[in-house]
Amino acid sequence: MRNFIFISPHFPTNYENFCVQLHENGVNVFGIGDTPYENLTDSLKAALTEYYKVDSMEDYAQMYRAVAFLCYKHGPMDGLESNNEYWLEQDARLRTDFNIPGMKTVDMEHVKYKSKMKPYYAKAGITTARYHLVTDLSESLEFVVKVGYPVIVKPDNGVGATTTYKLKNEDELRAFHEEDFHGVQFIMEEFVPGEIYSYDAIMNSRGEPIFETGNHTPISIMDSVNNHDDSVFYIEKHIADDVRTAGRAAVKSFGVKSRFVHFEFFRLTEDHAYLGKKGKIIGLEVNYRPSGGFTPDMINYACSTDVYKDWADMIAFDRLTKEDYPDKYYCVSAGCRKEKHYLHSYEEVMAAYKDDIMMTTELPEVLASAMGDRLYLARFSTKEAMDDFISYVFAAV
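Residues numbered from 1 in each chain as written. Predicted model: local features only at pLDDT ≥ 70, side-chain atom pairs only at ≥ 80, totals over all residues. Heavy atoms only, no water.

Enquirer: Can you explain the overall build of the protein? Please cite residues and give values.
Expert: The helix and strand inventory of the protein stands at 15 helices and 17 strands. For the protein, whose C-alpha radius of gyration is 22 Å, the value lies close to the compact-globule estimate of 21 Å for 397 residues. Considered along the principal axes of its C-alpha atoms, the protein spans approximately 60 × 50 × 40 Å. In the protein, which comprises 397 residues, the proportion classed as buried is 52%. A separation threshold of at least 6 residues defines the contact pool for the protein, and within that pool the share at least 24 residues apart is 65%. For the protein, the exposed surface amounts to about 17,900 Å²; the carbon and sulfur share of it is 49%. Counting 42 positive and 62 negative side-chain charges, the protein places the centres of these two groups 5 Å from one another. (Helix = DSSP H or I, 4+ residues; strand = E, 2+ residues; numbered from the N terminus. Rg over C-alpha atoms; globule rule 2.2 N^0.38 Å. Buried < 20%, exposed > 50% of the residue type's maximum accessible area, 1.4 Å probe, protein only. Contact = heavy atoms within 4.5 Å. Areas by Shrake-Rupley, 256 points an atom, 1.4 Å probe, with all protein chains shown as cover. Lys, Arg positive; Asp, Glu negative; His and termini not counted. Charge placed at Lys NZ, Arg CZ, Asp CG, Glu CD.)

Have a look at this one:
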């Protein structure tokens, strides 16, 4: 590995660590972004061999010219990545146009479209919710006759829980069909009574995991976004065996290689006539990038590692340079809403848990909708201690 282009190295802010670690591994790192060079941090400037500013990263012609210039000046590129869901398809298009190793445009359908993921889960032996691609009201009514209310409706090609609806009756279904979504293709799925667990891993060039962990989201992200509920999820101290097995099977079926992945599953919280018994793992969706926000930092706190370096090791050496992670913890993300009134103030939370809180920050609007306005990241040796912290932070007046 000699030359590598990192797309948007400045945002999210913690992603500059991927560039820093690649540079430490002896790779020439070239950044393309839309912020002026003088606004980059000193550590990011030191990690970049060259930075190319574009006016808009949405303008493919500008992005194409940036990659063309860097290839002309520095030679062929061995990799190109943003580790960001938003740029996933553009990354693939750039790799395709410049013959850069990695996922190409032809690989995108089953990565981005939820309906296209279903056959790959089936190939892995993993059950998924029944679905139909939304067309007219009559077909949606027929689907509901088969699966019952509620149903979940979301863009077939989308990220996060934005524009996601839980329709509980026919009136809500009819109201949904009266909305103008400007040609967006929606997928409708039966409601899955479950909590979300993830398989987070770094895969080598042979599709083998060189690092594995996972998180648990007991509060629905959809409800957190749509209802402005509190936001909480945590990195597990030890990933459950059935989640690990499902994650590895899905990785093999989807053919993932040389990537950071975040695969999401439901664990049924009750028996379901079609999906199976309580506790069963159900496929939700795949993401070919790290879990969002500050999750990489949470993984570091929970696993006593540095996943930015682990990813850079995979890119540069196809293996980890550190393989022993003896100390494991739970690391929780607790996000509070500014419009809600809590029993304990920020100062009280910080005083009560000063030895456990690893980071706290106010989040920008782009992240706050899903994660809360005030974020606490805290680490604990036991689940009981973590649960006490969650109860303390979210205690209402």
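Now that the structure has been shown, we can carry on.
Enquirer: How would you sum up the pairing of strand 1 (residues 3-7)? Please name residues and give values.
Expert: With respect to burial, strand 1 is a largely interior element, five of its five residues being buried. Neither face of strand 1 is left uncovered, since the one carrying Asn-3, Ile-5 and Ile-7 and the one carrying Phe-4 and Phe-6 both have all their residues buried. Of the pairings in the sheet, the one linking strand 1 to strand 2 (residues 28-33) comprises five bridges and is parallel in character. Pairing of Phe-6 across the sheet is with Gly-31, part of strand 2. Once the chain exits strand 1 it traverses helix 1 (residues 16-24) before rejoining the sheet at strand 2, and the crossover so formed is right-handed. The pairing of strand 1 with strand 4 (residues 79-81) spans three bridges and is parallel. Bridge assignment links Phe-6 to a residue of strand 4, and that residue is Glu-81. (Pairing = 2+ DSSP bridges. Right-handed = clockwise from strand over helix to strand, strands pointing away.)

Enquirer: Any chance you could break down the pairing of strand 6 (residues 151-155) for me, citing the residues and the numbers?
Expert: Within strand 6, five of the five residues are buried, which leaves the element mostly enclosed by the surrounding structure. Direction of pairing for strand 6 relative to strand 7 (residues 165-167): antiparallel, over a ladder of three bridges. The partner of Val-151 across the bridge, within strand 7, is Leu-167. By the bridge criterion, five bridges tie strand 6 to strand 8 (residues 186-190) in an arrangement that is antiparallel. The partner of Lys-154 across the bridge, within strand 8, is Ile-187.

Enquirer: Break down the layout of surface pockets for me, with residues and values.
Expert: By volume, the second largest pocket is sized at about 340 Å³. Along its surface, the second largest pocket is lined by 24 residues, and Pro-101, Gly-102, Lys-257, Ser-258 and Arg-259 are the ones closest to its centre. For the lining of the second largest pocket, the elements supplying multiple residues, two or more each, are strand 4, strand 13 (259-268) and helix 12 (307-317). In terms of residue class, the lining of the second largest pocket is built from 12 nonpolar, six polar and six charged. (1 Å grid on protein atoms, 1.4 Å probe; cavity = no way out; pocket = protein on both sides within 12 Å on 5 of 7 lines; lining within 4 Å. Points joined across faces, edges and corners; volume = space filled by probe spheres on them. Nonpolar A, V, L, I, M, F, W, Y, C, P; charged D, E, K, R; others polar.)

Enquirer: So what about the pattern of salt bridges? Which residues, and what values?
Expert: Counting across every chain of the model gives 22 salt bridges. For Glu-172, the salt bridge goes to Lys-168, with nearest N and O atoms at 3.4 Å. Note that Glu-212 and Arg-244 form a salt bridge whose closest N and O atoms lie 2.8 Å from each other. With Glu-212 in strand 10 (residues 209-213) and Arg-244 in helix 10 (residues 241-254), the pair connects residues that are 32 residues apart, well separated along the chain. The partly exposed category is assigned to Arg-244, whose relative accessible area is 25%. (Salt bridge = Lys/Arg side-chain N within 4 Å of Asp/Glu carboxyl O.)

Enquirer: So what's going on with the sheet that holds strand 4? Which residues, and what values?
Expert: Spatial strand order, 3-2-1-4: four strands in an open sheet with parallel pairing. Every other strand in the sheet has two partners, leaving strand 3 (48-53) and strand 4 as the edge strands with one partner each. On average, each strand axis in the sheet is inclined to that of its neighbour by 20°, with strand direction left out of account. (Axes fitted to C-alpha atoms, helices over the stretch in contact; angles between N-to-C directions.)

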